[in-house]
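Structure assessment
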Amino acid sequence: MKHTSMASRRLPVRSMAFALTVLAGLPALAGEPLWPEPATVVVVPDLKAPALKRTRQTAPNFRAPVATVCSDAPRMREVPDPQPPQRVRDIPALVGKVGRDKLLREAAPPPPPAPVVATDAMSVTVSGSRADLAMPYAPAPVRQQPATPVTAGVVDDNADFGGFQQFLQRHAEAAQLGRDVSVRQRLRVLDAQGRPVPDAEVAVSAADGARMWARTDAGGQAWLHLNAFDDRDSASYRVDVRRDGRQAQAQLRRGQKDVLEVRLPAATPAARARLDLVFMVDATGSMGDEIDKLRASLRDIVRGIEQLPSRPDVCLGLVTYRDRGDEYLVRSWDLSGNVAAFQQVLDGVRAGGGGDMPEAMNEAFDHAVQALAWRGPATTRLLVSLADAPPHMDYPPPHYDQTMLAALGKGIKVFSVAASGQDTTGEIAQRQIAQYTGGRFIFLTYKDASDPGSGPGRETVHDVADYSVDTLDTLVVRLVREELAQLPQG
């Protein structure tokens, strides 16, 4: 397939980077850094949605990832509906690409399940409890259909930050969503040999108590958005960095144009790449005509990543979600190194439910970030989110804008994938999540942008420009390869 070329838009970099390292007698701008506690149990904390766009953050809203290995088999967990319906909810006449008759059939009470015989039982944990229930899992057989390629485009809103700001300004509702990211600083963490330090913990502190947390990506970089956590425009901040017992400290001035470089006092040992890769999929009825194609693409993505030259140690997880009143709200399979078992789980994903346009994306995103057993230090953590509808912002928190702060603090980079039918609100949310966590915004493309049934092509309804097009699996594998290629080599 002939590709369009990606416009080369790079942030200006000064010839001389502004580097600050640990200096004796550096004045403290705040008290000792407040580091997040390590995770000891899988807990989803109660998060409070911001009352205003500029919201102060003073304590971590997450626990640091600490898992050392992934499970041998996917472990299923469900998040219960906080307000289970007493009756079948009303279904609108037409929602997205799914007609009323189909939705009514899906909304009807399901028949009693037939006995299932499974050779391997997988456990299920109800989120918020400590009970593990033995539950056999056997996905329904997949109808074999001719594979239809799924094409997609991609934009990097951090590389073209000015374009991203213009996108937000073009859509007034963006002022009511997410966080203020208009003030940002680029941080690079290097070791004594000048190599990038991946997955270094970062704590940023203002003298007035405002704080944020991040982990550097595979290239030792993190974007720090000062207005996203500090509502008082502090003039300067203390930046503490640590990795493997080594620590360093530097001062960051608001408004400085140069990259802030912090050097740790020893070399970073090179090791085999560890990759935690989680797919988060909207599984409501409006995704029905794309789930099968996406399932095939996800299988190809996993296969392509396994065959990368770096041969990463890969653990895979899956989160699917629907909405309140459906068969389930959020369902997940925790990170596992068993690729065959993961493929079996993936083959069992079916679309159903839904009803109104927004879905339980907030709840699913929070669960994926907070409840899954992400591995600890020296891990590259990626979340691929596929959705064709915005989150329910009228539901109680957690909301995505707070969860994306936790994702950055845990070092989870999000690649947001917009499927057909995604509206402007959903595009704003998906692009904000990807931009804040250092990821990319991906969108499915078609021969006719307004008709997903027209087949693969180059057109999209989304507010983007200067994008390249490839098959979805090739695109995601390329992004993962580029991410892992930044890791320091031996």
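One can find the structure itself at the top, above this paragraph.
So, here is what we can say about the structure in this document. Just so we're clear, the structure is a prediction, and the values are computed from it rather than from any experiment.

A short note on the overall build of the protein chain
The secondary structure content of the protein chain amounts to eight helices and 22 strands. When each of the 490 residues of the protein chain is scored for burial, the buried share is 54%. Working note: accessible area of the protein chain is about 21,200 Å², and carbon and sulfur atoms make up 53% of it.

Focus: the nonpolar core
Ranked by size, the top nonpolar core spans 67 residues in total, and within it Met280 and Phe365 carry the most contacts. Ranked by residue count, the leading element in this core is helix α6 (residues 400–410), at six residues. Apart from residues lying up to four places away in sequence, Phe365 is in contact with Met280, Leu383, Tyr400, Thr403, Met404, Ala407, Val414 and Ile433.

Topic: the environment of Ala192
Considering the arrangement of structural elements, one finds Ala192 in the loop between β8 (184–190) and β9 (201–205). Once the C-alpha coordinates of Ala192 and Thr268 are considered, the two residues, 76 residues apart in sequence, prove to be 8.2 Å apart.

Here we look at the sheet that holds strand β10 (residues 211–215)
Taken in spatial order, the four strands line up as β10-β9-β12-β13 in an open sheet, and their pairing is antiparallel. At either end of the open sheet lies a strand with only one pairing partner, and these are β10 and β13 (246–253). Strand-to-strand, the axes of this sheet are offset by a mean angle of 20°, without reference to chain direction. Bridge count for β9 against strand β12 (residues 236–243) is five bridges, and the pairing is antiparallel. Residue pairing across strands places Val202 opposite Val241, the latter belonging to β12.

Quick look at the pairing of strand β11 (residues 221–225)
The side chains of a regular strand alternate, first on one face of the sheet and then on the other. Within β11, five of the five residues are buried, which leaves the element mostly enclosed by the surrounding structure. Because side chains alternate across β11, one face comprises the buried residues Gln221, Trp223 and His225, and the other comprises Ala222 and Leu224, equally buried.

Points about the pattern of salt bridges
Tallying each qualifying case throughout the model produces 31 salt bridges. For Arg56, the salt bridge goes to Asp208, with nearest N and O atoms at 3.3 Å. Of this pair, Arg56 sits in the loop between β1 (18–19) and β2 (76–79) while Asp208 sits in the loop between β9 and β10, and the two are 152 residues apart along the sequence. Taking the relative accessible area as the measure of exposure, Asp208 reaches 31% and is therefore partly exposed. Through salt bridges with shared partners, a single ionic network connects Arg54, Arg56, Asp208, Asp230, Asp231, Arg232, Asp233 and Arg254.

Examining the packing of aromatic side chains
Applying the stated criterion across every chain, the model contains six aromatic pairs. Through successive ring pairs, a cluster of aromatic residues spans Phe161, Phe164 and Phe167. Directly above the ring of Phe161 sits Arg184, whose terminal nitrogen or CZ lies 3.9 Å from the centroid.

With respect to helix α2 (residues 161–170)
Turn by turn, an α-helix covers 3.6 residues, leaving residues three or four places apart pointing in a common direction. Taken together, the buried positions of α2 are Phe161, Phe164, Phe167 and Leu168. The arc that holds the buried residues of α2, viewed along the axis, is 110°, so those residues lie on one side. Of the surrounding elements, those touching the buried residues of α2 are β8 and α7 (424–437).

Considering the state of the cysteines
Considering all chains together, one arrives at one disulfide under this definition. Residue pairing for Cys70: its cysteine sulfur links by disulfide to Cys315, the two sulfurs lying 2.1 Å apart. In this structure, the disulfide formed by Cys70 and Cys315 twists by about 120° around the S-S bond and is classed as right-handed. Remark: Cys315 occurs in strand β16 (residues 313–321) and Cys70 occurs in the loop between β1 and β2; sequence separation between them is 245 residues.

Topic: the side chain of Arg322
Assignment of secondary structure puts Arg322 in the loop between β16 and β17 (330–336). One polar contact links the side chain of Arg322 to the main-chain carbonyl oxygen of Ala283, over a distance of 3.1 Å. Separated by 2.9 Å, the side chain of Arg322 and the backbone oxygen of Arg350 make a polar contact. Apart from the residues within four sequence positions on either side, Arg322 is in contact with Ala283, Thr284, Glu327, Tyr328, Leu329, Arg350, Ala351, Gly352, Glu359 and Ala360.

What about the environment of Val241?
Relative to the helices and strands, Val241 is located in strand β12. C-alpha separation for the pair Val241 and Thr216, spaced 25 residues apart in sequence, amounts to 9.7 Å. When sequence neighbours within four positions are dropped, the list of residues in contact with Val241 reads Trp35, Val189, Ala200, Glu201, Val202, Arg246, Gln247, Ala248, Val262 and Leu264.

Criteria and thresholds
- Residues numbered from 1 in each chain as written.
- Predicted model: local features only at pLDDT ≥ 70, side-chain atom pairs only at ≥ 80, totals over all residues.
- Heavy atoms only, no water.
- Helix = DSSP H or I, 4+ residues; strand = E, 2+ residues; numbered from the N terminus.
- Buried < 20%, exposed > 50% of the residue type's maximum accessible area, 1.4 Å probe, protein only.
- Areas by Shrake-Rupley, 256 points an atom, 1.4 Å probe, with all protein chains shown as cover.
- Core = buried A, V, L, I, M, F, W, Y, C linked by side-chain atoms within 4.5 Å.
- Contact = heavy atoms within 4.5 Å.
- Pairing = 2+ DSSP bridges.
- Axes fitted to C-alpha atoms, helices over the stretch in contact; angles between N-to-C directions.
- Salt bridge = Lys/Arg side-chain N within 4 Å of Asp/Glu carboxyl O.
- Phe/Tyr/Trp six-rings, centres within 6.5 Å; stacked < 30°, edge-to-face > 60°.
- Lys NZ or Arg CZ within 6 Å of the ring centre and 35° of its normal.
- Arc of directions from axis to C-beta.
- Disulfide = S-S within 2.5 Å.
- Polar contact = N/O pair within 3.5 Å; in protein donor to acceptor, adjacent residues only side chain to side chain.

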